[in-house]
Protein chains: 2
Amino acid sequence: MLKDYEKSKPEEKSAVSEEIKELRATLAGQQQLIREKKLPILVLIEGWAAAGKGSLIKEIISELDPRFYNVVSPAVVPESEMRYPFLYPYATAIPENGKLMFLDSGWMESVVRKRLRLEISDEEYKRRVRAVNEFERQLRDAGYLVLKIFLHIDEEEQFERLEDLSEDPDTEWRVTPDDLWQHREYKSFLKAYDEFMEETDETIRWHILDGQRKRTAVRDAMKLLVGRIEKSLAKKRYVGEPFEEKFPLLKMPKLAEVDLSPAISEEDYRKELKKLQKRLSELHNVIYRKKIPVVICYEGWDAAGKGGNIRRLAYPLDPRGFDVHPIASPLPHELNRQYLWRFWTRLPRTGHICIFDRTWYGRVMVERLEGFCGEKDWMRAYNEINEFERQLTDWGAVLLKFWIHIDQDTQLARFTDRQNTPEKQWKITEEDWRNREKWPQYEAAVDEMLQKTSTKNAPWFIIESNDKRYARIKALKIVVKALEEACDRHFENTFE
Amino acid sequence: MLKDYEKSKPEEKSAVSEEIKELRATLAGQQQLIREKKLPILVLIEGWAAAGKGSLIKEIISELDPRFYNVVSPAVVPESEMRYPFLYPYATAIPENGKLMFLDSGWMESVVRKRLRLEISDEEYKRRVRAVNEFERQLRDAGYLVLKIFLHIDEEEQFERLEDLSEDPDTEWRVTPDDLWQHREYKSFLKAYDEFMEETDETIRWHILDGQRKRTAVRDAMKLLVGRIEKSLAKKRYVGEPFEEKFPLLKMPKLAEVDLSPAISEEDYRKELKKLQKRLSELHNVIYRKKIPVVICYEGWDAAGKGGNIRRLAYPLDPRGFDVHPIASPLPHELNRQYLWRFWTRLPRTGHICIFDRTWYGRVMVERLEGFCGEKDWMRAYNEINEFERQLTDWGAVLLKFWIHIDQDTQLARFTDRQNTPEKQWKITEEDWRNREKWPQYEAAVDEMLQKTSTKNAPWFIIESNDKRYARIKALKIVVKALEEACDRHFENTFE
């Protein structure tokens with residue numbers, strides 16, 4: 001890619017300027033349609049230090065309504081200070097429908113730099129490349145227009161630019177030690193950039209532009225952008241096709257096969273609860289100290305006892321170190337972005353525990369059954385979710401998923417109890433009764449979900465909850481065991 | 001306060017436990033009403049290191065629905081690394097209506113520590129105390145229930161607890177060098193806490209609880225909380241009274257007195273624009289380097305030319321260093337919080353420029369005239385806004401406010417042009433015409449706003465925009481001048 005890149009030929013200045021003027025007018029004219037058709041656009045600008053990424057963006061946006069675009073420039077945080085998955089700064093910044101976002105250096109820069117700095121292993125590098133491909137595909141499949149540009153300058157040109165910047169006291173600070181390091185290691189960077197681009201060129205193509213000729217680069221970038229927008233606007237919003245990737249899946253029983261009789265005596269419950277909560281409290285300290293992030297997902301039937309189960313789990317935890325995220329219907333600004341966005345933004349920091357009370361699995365349950373998303377969308381979601389979860393566990397997270405299970409009779413009894421107890425009435429709504437009528441459809445959807453998304457790294461646990469106390473103890477035991485294992489693993493790692 | 005605090009007497013353990021049990025049940029019962037009545041609750045828990053703040057919160061929430069509360073524990077960031085105003089971590093974290101939030105150490109801890117560490121001057125300390133009082137009052141006046149608790153232990157008790165924690169390898173990390181420093185400086189802290197509490201006890205009272213007796217403290221905290229909730233639920237939501245504080249106000253003309261004839265020739269415009277943009281581009285570098293935050297506010301009549309004006313201002317800026325925030329009607333989750341929240345969350349980092357396209361002044365214009373808030377609310381807002389803006393300039397921000405002004409005839413001409421030009425039609429809506437009919441009411445509201453909120457630190461500038469080019473040059477000149485002054489001031493400071 002870069003190594004055999006041919007420099008562009010000089011063109012007549014005024015002709016290029018004229019073209020830019022026209023392209024600017026076209027882009028300004030496209031704004032309204034983009035808004036109306038709710039097209040989200042992400043333009044990734046990568047490239048060499050001092051290649052002129054900032055000015056390129058400046059020229060592209062100069063005639064645009066500032067309400068319509070934004071520019072994001074996430075810092076590359078050293079690996080040792082990373083509190084979130086490496087894609088977090090980008091995944092949480094994606095534009096909403098009808099908006100244009102420029103990313104001034106993004107996931108490419110961060111992954112390549114860390115590779116060259118040896119902050120990440122070769123294996124981790126490969127995982128990140130895979131995650132980048134997954135992330136880009138997920139955006140495309142959700143109807144995002146993603147454009148990737150690499151602004152190229154050669155070694156000599158970089159030298160001159162860095163020198164120019166260093167000589168002016170007002171721009172001197174712009175040349176960072178990192179930039180100088182890149183310049184010294186120009187050849188290694190060239191190779192690493194090239195490899196990265198080759199490895200991530202399949203779903204969304206890279207476009208290399210010649211940063212040496214600023215005006216031409218602006219023209220070419222705008223041509224690409226305007227052309228892609230035109231194409232997207234002419235068609236219906238793109239919806240990705242479902243696909244199947246191989247994940248190491250765990251065998252799960254059908255819900256109908258689950259024996260719901262397990263129960264526990266009041267006395268054993270008290271004893272076990274106390275013991276497990278004590279242990280969990282100790283483990284929370286270790287988790288915090290070892291900076292292990294923990295994500296615990298609760299799904300289950302209405303009135304299955306999720307709330308009470310979560311409460312018993314949360315009780316021994318230090319309130320400063322965990323969060324419970326109740327997930328309701330998405331708000332307008334959440335609906336306006338890829339569906340995983342609202343979960344990305346709620347991830348815990350390393351060392352913290354976060355509990356989701358309902359999760360991204362809404363996609364393949366309520367959204368599927370109520371028609372809140374298209375068929376292809378929920379069919380695609382199984383794999384997208386497996387990918388998302390693998391990104392979390394690759395980051396080092398402990399990820400546990402509970403299906404809190406009861407049978408229909410138990411649900412009816414609890415609904416009726418709620419109906420008849422004044423303090424509990426708020427817990428039961430018309431919607432609960434409506435959902436209950438769709439039990440068979442939900443059961444089929446849950447069965448499919450459990451089969452397709454119980455991966456080795458992020459397993460599902462069916463928690464029998466006809467006896468709520470039994471369910472609480474079982475969930476607690478699973479959490480304690482998983483955290484103990486994670487703490488041990490982490491211990492080994494530090495000595496490797 | 002602390003120095004003459006009398007320790008509580010021992011009570012019978014089982015009786016206290018019984019009380020706690022009852023209080024927990026009451027609080028759990030109150031949840032639904034809090035949700036229905038949309039009462040937002042903020043509980044601030046301050047206190048000595050190792051006083052048991054975390055466990056206190058844990059005990060209070062143990063029976064609560066985790067969907068209903070959250071616990072926030074912002075880190076105290078060293079002053080040199082602060083990228084936002086000191087109240088930012090708290091102001092951006094306030095709960096929404098119907099939710100209960102615990103702050104495990106908040107603005108008190110941060111202000112007192114920095115004072116004792118000499119990270120802030122005595123003057124700055126006083127400013128922060130004032131800002132804290134303003135912030136608390138603004139929350140109360142917006143109907144928030146704010147409860148402030150200080151958990152007290154004596155020097156000896158602190159010693160023992162720190163020692164206990166240090167001895168266990170799993171809790172050792174909890175004892176920070178900061179905690180040990182506090183213990184060594186127990187007496188200075190005592191004095192400083194005392195002073196701070198005395199200075200912030202007027203609007204929202206402090207409650208000191210005896211951390212030595214954990215169970216009693218839990219009981220007392222819950223009693224306070226449950227009692228306060230009961231009281232709040234029994235009444236209508238509290239709405240603060242308007243009040244007038246003395247701010248150094250600049251004399252502003254009435255809009256009707258403004259001469260709108262100023263214009264500029266095309267040639268002069270080009271020349272000036274180029275010169276000013278070049279200068280602004282240079283200044284942006286200095287601003288960034290000197291870490292000066294800049295907030296520029298645009299308000300004005302529909303079709304006055306805000307968008308084009310902002311574009312000319314934004315063009316020379318490095319896109320990585322500025323943001324434009326278009327402000328539309330608040331979203332549900334924004335409406336559910338104090339009205340300044342959605343502006344707090346959009347503040348720039350130090351060294352960054354942020355441009356608000358419409359602002360918090362919506363409160364005293366559209367919200368006032370369309371009845372989106374109560375009379376007391378918008379009447380109170382003038383002072384609240386002056387306070388908020390003083391907090392920003394105390395932080396070191398350059399804060400400029402532009403009223404982009406045209407007359408009714410010019411507006412009509414521009415509306416008609418928009419109506420008749422297909423590419424511009426999206427810019428004009430029924431609402432614009434409706435607003436136009438209310439010109440006299442709006443004019444009166446704007447006049448009042450300009451009189452009451454043009455402070456020395458955050459002045460209003462009326463920008464005559466019948467000639468858009470003139471308006472752009474004028475706005476640019478004001479920005480350039482203000483930034484030059486700020487850079488000079490900052491230069492002096494570093495040598496003081």
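Everything quoted here is computed from the prediction, not taken from an experiment.

1. Some details on the interface of chain B and chain A
Interfaces are frequently sized by the accessible area removed from exposure as the parts join. Contacts between the two partners involve 39 residues from chain B and, on the opposite side, 39 residues from chain A. Elements with a contribution of two residues or more to the side of chain B that touches chain A: helix 1 (13–36), helix 2 (53–61), strand 2 (69–72), strand 3 (100–104), helix 10 (266–289), helix 11 (306–314), strand 7 (322–326) and helix 12 (332–335) of chain B. Its residues assigned to classes, the side of chain B that touches chain A comprises 16 nonpolar, ten polar and 13 charged.

2. As for the environment of A:Tyr186
Residue and element names in this part refer to chain A. Tracing the sequence through the fold places tyrosine 186 in helix 8 (residues 186–199). Residues tyrosine 186 and leucine 145, 41 residues apart in the sequence, show an inter-C-alpha distance of 31 Å. Beyond its immediate sequence surroundings of up to four residues, tyrosine 186 is in contact with Glu155 and Gln158.

3. Some words on the confidence of the model for chain A
Should the pLDDT be low somewhere, the predicted coordinates at that spot are not to be read in detail. Scored by pLDDT, chain A has a mean of 94; 99% of the residues are at 70 or more. At the level of chain-chain contacts, confidence expressed as ipTM amounts to 0.78, with global pTM at 0.88.

4. Regarding the pairing of strand 10 (residues 460–464) of chain A
One face of the sheet, then the other: side chains in a regular strand alternate in exactly this way. Residues and elements named next belong to chain A. In terms of residue burial, strand 10 counts as a mostly covered element, since four of its five residues are buried. Relative to strand 10, strand 9 (residues 398–405) runs parallel, the two sharing five bridges. Looking at strand 10, one finds that isoleucine 404 is bridged to isoleucine 463.

5. Details of the packing of helix 1 (residues 13–36) of chain A against helix 9 (residues 214–234) of chain A
All names here are of chain A. Two elements in contact, helix 1 and helix 9, have axes whose closest approach is 9 Å; the angle formed by their N-to-C orientations is 30°. As far as their axial angle goes, helix 9 and helix 1 are roughly parallel. Two packed elements cross with a definite hand, and for helix 1 against helix 9 that hand is left-handed. Contacts between helix 1 and helix 9 involve Lys13, Val16, Ser17, Glu19, Ile20, Leu23, Thr26, Leu27, Gln30, Leu33 and Ile34 from the former and Arg215, Thr216, Val218, Arg219, Met222, Lys223, Leu225, Val226, Ile229 and Leu233 from the latter. Grouping the amino acids of the contact of helix 1 with helix 9 by side-chain chemistry returns twelve nonpolar, four polar and five charged.

6. Concerning the packing of helix 2 of chain B against helix 9 (residues 214–234) of chain B
Working note: a packed helix pair is described by the angle between its axes plus the distance between those axes. Residues and elements named next belong to chain B. The N-to-C vectors of helix 2 and helix 9 enclose an angle of 55°; their axes lie 10 Å apart at closest approach. The angle between helix 2 and helix 9 falls in the class oblique. As for how helix 2 packs across helix 9, the hand of that crossing is right-handed. Only Lys214, Ala217, Val218, Ala221, Met222 and Leu225 of helix 9 make contact with helix 2, whose side of the interface consists of Ser55, Leu56, Glu59 and Ile60.

The rules we used
- Within every chain, residues take consecutive numbers counted from 1 along the sequence as written.
- Labels are handed out in written order, letters beginning with A for the chains and numbers beginning with 1 for the ligands.
- Confidence filtering applies because this is a predicted model: local features only for residues at pLDDT of at least 70, side-chain atom pairs given and counted only at 80 or more, and all residues used for totals across whole chains, interfaces and linings.
- Each residue is represented by a C-beta atom placed from its backbone, and any two residues with such atoms within 7 Å are regarded as in contact.
- Numbering goes from the N terminus for both helices and strands, where a helix is a DSSP run of H or I of at least four residues and a strand is a run of E of at least two.
- Each residue gets one label: Ala, Val, Leu, Ile, Met, Phe, Trp, Tyr, Cys and Pro are nonpolar, Asp, Glu, Lys and Arg are charged, and the others, such as Gly, are polar.
- Scored from 0 to 100, pLDDT reflects the predictor's confidence in each residue.
- Labels follow a simple rule on C-beta atoms placed from the backbone: if 20 or more others lie within 10 Å of a residue's own, it is buried; if 12 or fewer, it is exposed; otherwise it is partly exposed.
- DSSP-based pairing: two strands are paired if at least 2 bridges between them are found.
- Axis lines are fitted to C-alpha atoms, over the contacting stretch for helices. Their N-to-C directions set the angle, which ranges from 0 to 180 degrees.
- Roughly parallel refers to an angle under 35 degrees, roughly antiparallel to one over 145, roughly perpendicular to one between 65 and 115, and oblique to any angle outside these ranges.
- Crossing handedness is read from the near helix: turned anticlockwise from the far helix by less than a right angle, it gives a left-handed crossing, and turned clockwise, a right-handed one.

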